[in-house]
Amino acid sequence: MSQQQHPSDISIDQIPIDLPNTQTSEVDPADVPEEIQSITCGLASEHPPTNPLVVLKAARWWYIHGKGGTDPAFQWAIEWARHLATDTPSDVERFDEYLEYLVTVGFADEPHELR
């Protein structure tokens with residue numbers, strides 16, 4: 001039996017895509033699904049996720065609901081997935097920008113709290 005979806009609430013997996021709130025300049029932390037927030041904060045931690053598919057799931061959410069390709073959370077997730085796939089060093093400046101963005105979004109008061 002198929003489940004009907006409201007036209008403004010679609011998804012490919014269990015993470016819904018809220019069409020009216022796509023590619024906004026402001027992300028409210030309360031609107032970020034728990035799984036995406038966990039992955040996002042995990043990417044800032046001492047032990048980030050090592051599964052590129054998990055990382056890309058968060059990247060997709062931030063691309064859709066954040067600032068698109070310019071969203072720092074999207075950019076860092078892509079950078080980390082690249083690092084995992086190629087075993088090359090990641091961009092430290094992009095990481096610092098990512099931490100500052102998470103503070104701006106409201107996931108922490110200071111960047112050091114995310115580590």
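Scroll up a little and you will see the structure.
Quantities reported herein were computed from a predicted structural model and do not represent experimental measurements.

## Structural notes on helix α2 (residues 52–65)
A rise of 1.5 Å per residue sets the reference length of α2, with its 14 residues, at 20 Å; its end C-alpha atoms lie 20 Å apart and thus fit the reference within 8%. Where α2 is concerned, the buried positions are Val55, Ala58, Ala59, Trp61, Trp62, Ile64 and His65. Of the residues that open α2, the one with a side-chain oxygen 2.8 Å from the backbone nitrogen of leucine 53 is asparagine 51.

## So, the packing of aromatic side chains
Aromatic ring pairs are reported here in terms of the distance separating the ring centres and the angle at which the planes meet. Summed over the entire model, instances satisfying the criterion amount to 8 aromatic pairs. Judged by centre distance (6.2 Å) and plane angle (75 degrees), the ring pair of tryptophan 62 and phenylalanine 107 falls under edge-to-face. Placement of the pair is tryptophan 62 in helix α2 and phenylalanine 107 in the segment after α4 (92–105), with a sequence separation of 45 residues. Judged by relative accessible area, which is 1%, tryptophan 62 ranks as buried. On the basis of relative accessible area, phenylalanine 107 is assigned to the buried category, the value being 13%. Counting every residue linked through ring pairs, the aromatic cluster contains Trp61, Trp62, Tyr101 and Phe107.

## Details of the packing of α2 against helix α3 (residues 72–86)
Put simply, α2 and α3 touch, their axes get as near as 8 Å, and they point 160 degrees apart. Considering their axes alone, α2 and α3 lie roughly antiparallel with respect to each other. In terms of crossing hand, the pair formed by α2 and α3 is left-handed. Contact residues: Pro52, Val55, Leu56, Ala59, Trp62 and Tyr63 in α2; Ala73, Phe74, Ala77, Ile78, Trp80, Ala81 and Leu84 in α3. Residue classes in the contact of α2 with α3 are distributed as 13 nonpolar, no polar and no charged.

## Considerations on the packing of α3 against α4
Axes are the key here: two packed helices are described by the angle between their axes and the distance separating the axes. Between α3 and α4, the shortest axis-to-axis distance is 9 Å and the interhelical angle comes to 140 degrees. Relative to α4, α3 is oriented oblique. Handedness of the α3/α4 crossing: left-handed. Contact residues: Pro72, Ala73, Gln75, Trp76 and Glu79 in α3; Arg94, Phe95, Glu97, Tyr98 and Tyr101 in α4. Looking at the contact of α3 with α4, its residues break down into 6 nonpolar, 1 polar and 3 charged.

## Details of the pattern of salt bridges
According to the stated counting rule, one finds 3 salt bridges in the structure shown. A salt bridge links lysine 57 to glutamate 35, with the shortest nitrogen-to-oxygen separation between them at 3.0 Å. One end of the pair, lysine 57, is in helix α2; the other, glutamate 35, is in helix α1 (residues 34–42), and 22 residues separate them in sequence. Given the relative accessible area of 35%, glutamate 35 is considered partly exposed. For glutamate 46, the salt bridge goes to arginine 115, with nearest N and O atoms at 3.4 Å. Of this pair, glutamate 46 sits in the loop between α1 and α2 while arginine 115 sits in the segment after α4, placing them 69 residues apart in sequence.

Calculation criteria
Residues numbered from 1 in each chain as written. Predicted model: local features only at pLDDT ≥ 70, side-chain atom pairs only at ≥ 80, totals over all residues. Heavy atoms only, no water. Helix = DSSP H or I, 4+ residues; strand = E, 2+ residues; numbered from the N terminus. Expected span 1.5 Å × (residues − 1). Buried < 20%, exposed > 50% of the residue type's maximum accessible area, 1.4 Å probe, protein only. Polar contact = N/O pair within 3.5 Å; in protein donor to acceptor, adjacent residues only side chain to side chain. Phe/Tyr/Trp six-rings, centres within 6.5 Å; stacked < 30°, edge-to-face > 60°. Axes fitted to C-alpha atoms, helices over the stretch in contact; angles between N-to-C directions. Parallel < 35°, antiparallel > 145°, perpendicular 65-115°, else oblique. Left-handed = near helix turned anticlockwise from the far one by under 90°. Contact = heavy atoms within 4.5 Å. Nonpolar A, V, L, I, M, F, W, Y, C, P; charged D, E, K, R; others polar. Salt bridge = Lys/Arg side-chain N within 4 Å of Asp/Glu carboxyl O.

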